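What follows is each chain in one-letter form.
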6 protein chains.
Amino acid sequence: MALVEYADAALEVRAVFDDIKAARGVPDVNNFWKALAVHPPTLKRTWESLKQVMAPGALDPLTKEMLYLAASAAAGCAYCTASHTAAARAKGMTDAMHGELLAVLGMAAETNRLAEALRVPIDQGL
Amino acid sequence: MALVEYADAALEVRAVFDDIKAARGVPDVNNFWKALAVHPPTLKRTWESLKQVMAPGALDPLTKEMLYLAASAAAGCAYCTASHTAAARAKGMTDAMHGELLAVLGMAAETNRLAEALRVPIDQGL
Amino acid sequence: MALVEYADAALEVRAVFDDIKAARGVPDVNNFWKALAVHPPTLKRTWESLKQVMAPGALDPLTKEMLYLAASAAAGCAYCTASHTAAARAKGMTDAMHGELLAVLGMAAETNRLAEALRVPIDQGL
Amino acid sequence: MALVEYADAALEVRAVFDDIKAARGVPDVNNFWKALAVHPPTLKRTWESLKQVMAPGALDPLTKEMLYLAASAAAGCAYCTASHTAAARAKGMTDAMHGELLAVLGMAAETNRLAEALRVPIDQGL
Amino acid sequence: MALVEYADAALEVRAVFDDIKAARGVPDVNNFWKALAVHPPTLKRTWESLKQVMAPGALDPLTKEMLYLAASAAAGCAYCTASHTAAARAKGMTDAMHGELLAVLGMAAETNRLAEALRVPIDQGL
Amino acid sequence: MALVEYADAALEVRAVFDDIKAARGVPDVNNFWKALAVHPPTLKRTWESLKQVMAPGALDPLTKEMLYLAASAAAGCAYCTASHTAAARAKGMTDAMHGELLAVLGMAAETNRLAEALRVPIDQGL
């Protein structure tokens with residue numbers, strides 16, 4: 001799949017790339033955005049949504065990033081696992097926190113599988 | 001699938017049930033444990049592992065519980081989603097926090113899928 | 001989704017139902033086949049394939065059925081987990097065997113997740 | 001993700017590596033364990049659990065290994081599929097057995113998907 | 001999980017519900033939207049995105065809806081499979097088209113699984 | 001995993017390869033078929049099924065191919081995503097159509113996840 005570099009990008013794509021770079025204080029955007037640029041409306045919509053969702057709120061940015069990582073690893077997306085591990089580290093995830101996150105992920109996978117294999121009925125009141 | 005009630009349980013199963021009830025301060029264990037009791041060694045090992053993994057550490061109990069919920073929802077386990085949503089609420093997850101967690105989950109699912117459908121190469125240095 | 005009963009079925013559907021009943025020695029087919037009958041070519045092709053795949057060969061019928069159950073539970077299909085648990089029991093899976101199968105399933109889920117979350121490189125020579 | 005080699009490992013990690021090497025009669029541990037060593041408690045707990053789960057019991061070691069492979073392939077874990085295919089071969093899985101296992105996996109995937117797409121209700125009595 | 005009915009909804013939620021009802025010409029919104037209303041920003045963002053994505057373009061509405069159904073069934077979401085099957089039928093999917101879609105879904109599941117279990121290398125030039 | 005080349009293939013494998021090449025007008029078969037050739041009965045059955053399923057019917061070949069791609073991407077199969085993207089392009093999928101397909105896939109992933117995380121009850125009448 002082609003990656004669209006800034007120099008070759010249409011104006012509407014450059015505008016999104018510029019916004020990502022400014023928001024994150026980085027000199028270039030990740031491959032994800034360069035790949036998504038093959039469809040400018042999806043690039044723009046996805047970035048606008050991500051900005052809104054990841055803004056600080058009731059949950060702090062590190063917690064949101066670790067949740068993103070947990071969901072990405074659970075979905076088995078290698079690219080997403082790599083990029084959100086890096087993002088979480090940049091936001092303050094230590095080795096110890098990462099280790100515990102991995103332990104939770106592994107445990108969740110095991111109990112998820114057991115609950116489904118046993119077809120456990122949902123507890124009353126939930 | 002049969003659920004093993006305390007009154008009908010073997011001694012080794014009762015010992016695990018007693019430990020769960022004491023650790024959580026609840027009068028009865030969830031259906032998950034009653035279902036798992038069909039295989040006592042798996043019941044005991046799973047509970048011992050869960051206790052170790054979910055103990056407070058570099059991550060606080062609420063963060064661990066929300067990560068567990070994120071992984072369970074991403075894996076599509078309805079039972080686990082229901083029980084860990086309840087557990088996270090019991091540990092302090094507010095409506096606003098839950099809403100933001102849902103938003104992160106949805107966004108992660110979308111970008112995970114796009115990254116895989118576009119086969120985005122992992123960024124250099126990650 | 002509608003289930004097609006024998007009495008209401010077209011001749012080509014009845015022929016498949018008859019073959020399933022004869023091969024399995026059962027008075028009626030499972031809901032899966034009644035649901036699949038909404039598309040007779042898929043009903044016929046799926047049954048012919050299943051018959052071929054599940055025939056005794058280098059693996060015995062019980063091992064095949066437990067592999068089918070393991071794959072179905074790992075894929076999170078509740079219907080399939082229910083029906084292949086019953087089929088494996090009918091072919092000789094004891095409580096102890098079922099318990100160990102569950103333990104393997106849970107362990108596989110945990111290590112699968114950890115291997116993906118850590119992006120472990122495949123060992124040389126494999 | 002960094003792999004922890006024996007020479008650079010802490011004592012608690014070396015102890016687990018030594019136990020794996022002794023149990024399996026191999027000169028070095030697989031990358032999975034080297035990767036997991038970034039979090040020693042998870043390394044230790046995972047190995048202890050795996051040893052318990054994979055010990056011979058009501059199911060023989062080859063059957064357990066093939067179930068592990070089936071679950072890993074169904075979960076789409078490339079690393080796990082590679083390593084458990086090799087492990088199953090080492091325990092006696094022939095080409096013919098592997099071929100039939102693949103056929104069951106493919107058939108299960110197809111019927112799992114059809115059962116879910118048709119939302120087939122679970123048969124009475126199951 | 002609570003469903004938010006129009007009568008009990010906040011103004012910002014009612015505005016989205018009104019827009020959905022107008023766009024679709026229906027007297028009430030589906031449960032999905034009532035559930036999503038627990039987090040109004042996610043409700044609004046999701047609806048705005050969906051409207052944009054499902055608008056006619058290079059692909060016609062029926063094709064988009066069938067692709068949505070295929071992705072939902074492949075992801076194993078029962079609610080989504082039910083609602084997008086109904087939506088596709090409303091947009092013109094006949095029994096024959098549905099049957100062929102199911103056949104493609106089943107075949108894709110089987111070959112996806114086989115390709116992953118065999119770790120097939122991507123063909124040169126792709 | 002070994003790929004079986006035509007020159008090294010048994011007669012029953014060559015017969016399938018010949019049929020694939022003739023049906024598709026290509027000089028060689030894809031890696032998928034070369035990998036599947038390790039189990040000739042599965043190779044033959046899979047090809048016969050695929051031929052039947054992908055034949056023109058109530059759905060045209062391009063629509064079937066895009067549905068195959070949507071299901072493969074939703075299942076996270078990298079090989080399948082690559083090969084069916086190429087196949088869909090060969091059958092007429094333009095950049096604009098591909099972009100819209102990606103947008104639908106991403107949106108479906110997001111709403112699938114939200115519906116499951118919220119455990120939305122299926123709407124009455126569906």
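Read on for an overview of the structure. Only a predicted model underlies this, so the values are computations on that prediction, with no experimental measurement involved.

Remarks on the nonpolar core
Phase 1: Judged by nonpolar contacts, the single largest core of 270 residues is most densely connected at W33(A), W33(B), W33(C), W33(D), W33(E) and W33(F).
Phase 2: Discounting residues that sit within four places of it in the chain, W33(D) has contacts with F17(D), I20(D), R24(D), L43(D), T46(D), W47(D) and L50(D).

Describing the environment of Y79(F)
Phase 1: Looking at where Y79(F) falls in the secondary structure, it is placed in helix 5 (residues 78–90).
Phase 2: Sequence spacing of Y79(F) and F32(F) is 47 residues, and the spatial spacing of their C-alpha atoms is 8.6 Å.
Phase 3: Those residues in contact with Y79(F) that lie beyond four places of it in its chain are A115(E), V120(E), P121(E), I122(E), D123(E), N30(F), N31(F) and F32(F).
Phase 4: One polar contact links Y79(F) to D123(E), side chain to side chain, over a distance of 2.5 Å.

Considering the relation of the copies chain F and chain A
Phase 1: By a simple turn and slide, chain F fits onto chain A: the slide is 0.0 Å along the axis, the RMSD is 0.0 Å, and the turn is 120°. Such a turn and shift between the copies fits a three-fold axis. By C-alpha distance to the rotation axis, the residue of chain F lying nearest is G76(F), at 4.6 Å.

Some details on the relation of the copies chain B and chain A
Two copies of a chain can be linked by a rotation about an axis combined with a shift along that same axis.
Phase 1: For the pair chain B and chain A, the relating rotation is 180°, the translation along its axis is 0.0 Å, and the fit reaches an RMSD of 0.0 Å. On the angle and the small slide along the axis, the relation comes out as a two-fold axis.

Focus on the packing of aromatic side chains
Phase 1: The full count for this structure, using the stated rule, is 12 aromatic pairs over all chains.
Phase 2: The interplanar angle of 75° and the centroid separation of 4.9 Å between the aromatic rings of F32(E) and W33(E) together place this pair among those described as edge-to-face. For the pair formed by F32(E) and W33(E), the shared burial category is buried.
Phase 3: An angle of 85° between the planes, with centres 5.5 Å apart, marks the rings of W33(E) and W47(E) as edge-to-face. Separated by 14 residues along the polypeptide, W33(E) in helix 2 (residues 31–36) and W47(E) in helix 3 (residues 40–54) bring together distant segments of the chain. This pair shows no difference in class: W33(E) is buried, exactly as W47(E) is.
Phase 4: The residue whose ring lies beneath K21(A) is Y6(A), and the NZ or CZ to ring-centre distance is 4.2 Å.

Notes on helix 4 (residues 61–74) of chain C
Residues and elements named next belong to chain C.
Phase 1: Compared with the 20 Å implied by 1.5 Å per residue over 14 residues, the 20 Å span of helix 4 between its first and last C-alpha is a close match.
Phase 2: Burial runs high along helix 4: 13 of the 14 residues are buried.
Phase 3: In this structure D60 caps helix 4, since a side-chain oxygen of it lies 3.2 Å from the backbone nitrogen of L62.
Phase 4: A positive backbone phi angle near 75° is found at G76, which sits one or two residues after helix 4.

Points about the interface of chain F and chain A
Phase 1: On the chain A side, the residues contacting the nine residues of chain F number nine residues.
Phase 2: When chain F packs against chain A, close to 590 Å² is buried across both sides, 64% of that on carbon and sulfur atoms.
Phase 3: On the chain F side of the interface with chain A, the three residues burying the most area are A103(F), R113(F) and R119(F), jointly 49% of the side's total.
Phase 4: Between the two partners, chain F and chain A, sit one residue pair in polar contact (both at pLDDT 80 or more).
Phase 5: Each residue belonging to the side of chain F that touches chain A can be placed in one class, and the counts come to four nonpolar, two polar and three charged.

Observations regarding the state of the cysteines
As used here, a disulfide is simply a covalent bond connecting the sulfur atoms of two cysteines.
Residues and elements named next belong to chain B.
Phase 1: What the rule picks out here adds up to six disulfides over all chains.
Phase 2: Shown here is the disulfide that connects C77 with C80, its sulfur atoms set 2.2 Å apart. The sign of the 55° torsion about the S-S bond sets the C77-C80 disulfide as right-handed.
Phase 3: Given the relative accessible area of 1%, C77 is considered buried.

A short note on the packing of helix 6 (residues 95–117) of chain C against helix 3 (residues 40–54) of chain D
Phase 1: At their nearest, the axes of helix 6 of chain C and helix 3 of chain D sit 10 Å apart, and the two run at 150° to each other. In terms of axis orientation, helix 6 of chain C runs roughly antiparallel to helix 3 of chain D. Here helix 6 of chain C runs over helix 3 of chain D; the crossing is left-handed. Packed against helix 6 of chain C, whose contacting residues are A103(C), V104(C), M107(C), E110(C), T111(C) and L114(C), the element helix 3 of chain D presents T42(D), R45(D), T46(D), S49(D), L50(D), V53(D) and M54(D) at the interface.
Phase 2: Looking at the contact of helix 6 of chain C with helix 3 of chain D residue by residue, the class counts come to seven nonpolar, four polar and two charged.

A look at the interface of chain B and chain A
Phase 1: Listed per partner, the contact involves 58 residues of chain B and 58 residues of chain A.
Phase 2: When the area that chain B buries against chain A is broken down by residue, the three leading residues are V104(B), M107(B) and L118(B), summing to 12%.
Phase 3: Inspection of the region where chain B meets chain A yields four salt bridges.
Phase 4: With a shortest N-O distance of 3.3 Å, E100(A) and K64(B) are connected by a salt bridge.
Phase 5: For the pair chain B and chain A, the interface holds 20 residue pairs in polar contact (both at pLDDT 80 or more).
Phase 6: Of all the secondary structure elements, the ones that give two or more residues to the side of chain B that touches chain A are helix 2 (31–36), helix 3 (40–54), helix 4 (61–74), helix 5 (78–90) and helix 6 (95–117) of chain B.
Phase 7: Per-element tally for the side of chain B that touches chain A: the top contributor is helix 6 of chain B, with 15 residues.

Rules used in this analysis
Residues numbered from 1 in each chain as written. Chains lettered and ligands numbered in written order. Predicted model: local features only at pLDDT ≥ 70, side-chain atom pairs only at ≥ 80, totals over all residues. Heavy atoms only, no water. Core = buried A, V, L, I, M, F, W, Y, C linked by side-chain atoms within 4.5 Å. Buried < 20%, exposed > 50% of the residue type's maximum accessible area, 1.4 Å probe, protein only. Contact = heavy atoms within 4.5 Å. Helix = DSSP H or I, 4+ residues; strand = E, 2+ residues; numbered from the N terminus. Polar contact = N/O pair within 3.5 Å; in protein donor to acceptor, adjacent residues only side chain to side chain. Least-squares fit on C-alpha atoms with pLDDT ≥ 70 in both. Phe/Tyr/Trp six-rings, centres within 6.5 Å; stacked < 30°, edge-to-face > 60°. Lys NZ or Arg CZ within 6 Å of the ring centre and 35° of its normal. Expected span 1.5 Å × (residues − 1). Buried area = accessible area lost by both parts, 1.4 Å probe. Nonpolar A, V, L, I, M, F, W, Y, C, P; charged D, E, K, R; others polar. Disulfide = S-S within 2.5 Å. Axes fitted to C-alpha atoms, helices over the stretch in contact; angles between N-to-C directions. Parallel < 35°, antiparallel > 145°, perpendicular 65-115°, else oblique. Left-handed = near helix turned anticlockwise from the far one by under 90°. Salt bridge = Lys/Arg side-chain N within 4 Å of Asp/Glu carboxyl O.

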